[in-house]
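Residue-level structural notes
Listed here are the chains, written in short residue letters.
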Amino acid sequence: MQEHPAGADSNRARIIAAATRLLADGGREALSTRAVSAAAGLQAPTIYRIFGDKQGLLDAVAADGFAAHLKAKSHVRPSGDPVEDLRAGWALNIDFALANPALYCLMYGDPRPGAASPAAAAAFEHLTSYVHRIAESGRLRVPEDRAARLIHAAGSGTALALIATPEDERDLTVSELAREAVIAAVTTETPTGAAPGPAGAAVALRAVLPRTSALSPGERGLMKEWLDRIAD
């Protein structure tokens, strides 16, 4: 008998909630399909029918947790300084990691070659919005994608290192030093509106290029190529 869509949604929510509890209490090792189905009060085949396989379930748990994290901080509004907003975003990432270590490790601690989990991909997309605003202000030294990937690697790596350190031995100034080193590598102190130099100007113009209607698609593509070359 085919499962009713409403019933499938309800079962999906029950399974994710049960898996999230088990993850918080016992880590990833606690997430056997038998344990999750028992905690959800469902048969094990239901998990495979909804999520495809265990990896599908793990991805869904991580994505659900990260979505809840984003919703909780959605009230935070951008300030007038995009670099300060990046600092605040870094701090929120570290706080989230230390408050939800098993979930964070599920998101970042077991990477698959050539692919990111849905939650990690969503986190990277969120980060790019911070980087894009810095580029628009003319304060980004390097192309947006390169800056975002460096910040992403440093931020998640710092968080995982802190998680692995016993709580009474953690030195949070390590996070601050890593953050400032990355910010110095990808941003400039040039105030918004001042000339940031050729590379910075190219990055800034590249960020706002989609807004222009004065160029044809071909001209816009050529301009993007030129700006990318200057930025590099």
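Bear in mind that the values here come from a model prediction, so they are computed numbers and not experimental data.

1. Some thoughts on the overall build of the protein chain
What the protein chain contains, in helices and strands, is 11 helices and zero strands. When the elements of the protein chain are put in sequence order from the N terminus, they spell out α-α-α-α-α-α-α-α-α-α-α. Going through the 232 residues of the protein chain one by one, you find that 36% of them count as buried. Residue pairs in contact within the protein chain that sit at least 24 positions apart in sequence constitute 70% of those at least 6 positions apart. Counting every atom, the protein chain has about 12,800 Å² of accessible surface; 57% of that belongs to carbon and sulfur.

2. Here we look at helix α5 (residues 82-99)
Here α5 contains 18 residues, and its C-alpha end-to-end distance of 25 Å stays within 8% of the 26 Å for a straight helix at 1.5 Å per residue. When we look at burial in α5, the residues that qualify are P82, V83, D85, L86, G89, W90, N93, I94, F96 and A97. Residues of α5 that are buried sit in contact with α4 (54-72), α6 (101-108), α7 (118-136), α8 (144-164) and α9 (173-186). For α5, the N-terminal capping position is held by D81, with its side-chain oxygen 3.0 Å away from the main-chain nitrogen of V83.

3. What about the packing of aromatic side chains?
All chains considered together, the criterion is met by three aromatic pairs. With a centroid separation of 6.5 Å and an interplanar angle of 70°, the aromatic rings of F66 and F96 are classed as edge-to-face. With a gap of 30 residues between them, F66 in helix α4 and F96 in helix α5 connect regions that are remote in the sequence. Both rings, one in Y104 and one in Y108, keep their centres 4.6 Å apart while their planes meet at 45°; by these two values the pair is tilted. Here the residue Y104 and the residue Y108 both occupy positions in helix α6, the gap between them amounting to four residues, near one helical turn. Here Y108 falls in the buried class, since its relative accessible area comes to 12%.

4. Here's the deal with the packing of α5 against α7
Relative orientation of the contacting elements α5 and α7 amounts to 160°, with a least axis distance of 8 Å. Of the possible angle classes, the one that applies to α5 and α7 is roughly antiparallel. With respect to the hand of their crossing, α5 and α7 are arranged in left-handed fashion. Of the residues in α7, those in contact with P82, V83, D85, L86 and G89 of α5 are L127, Y130, R133 and I134. When its residues are assigned to classes, the contact of α5 with α7 shows six nonpolar, one polar and two charged.

5. A short note on the nonpolar core
Formed by 50 residues in total, the largest nonpolar core has its most connected members in I15, L57, L140 and I151. Ranked by residue count, the leading element in this core is α7, at nine residues.

About the thresholds
Residues numbered from 1 in each chain as written. Predicted model: local features only at pLDDT ≥ 70, side-chain atom pairs only at ≥ 80, totals over all residues. Heavy atoms only, no water. Helix = DSSP H or I, 4+ residues; strand = E, 2+ residues; numbered from the N terminus. Buried < 20%, exposed > 50% of the residue type's maximum accessible area, 1.4 Å probe, protein only. Contact = heavy atoms within 4.5 Å. Areas by Shrake-Rupley, 256 points an atom, 1.4 Å probe, with all protein chains shown as cover. Expected span 1.5 Å × (residues − 1). Polar contact = N/O pair within 3.5 Å; in protein donor to acceptor, adjacent residues only side chain to side chain. Phe/Tyr/Trp six-rings, centres within 6.5 Å; stacked < 30°, edge-to-face > 60°. Axes fitted to C-alpha atoms, helices over the stretch in contact; angles between N-to-C directions. Parallel < 35°, antiparallel > 145°, perpendicular 65-115°, else oblique. Left-handed = near helix turned anticlockwise from the far one by under 90°. Nonpolar A, V, L, I, M, F, W, Y, C, P; charged D, E, K, R; others polar. Core = buried A, V, L, I, M, F, W, Y, C linked by side-chain atoms within 4.5 Å.

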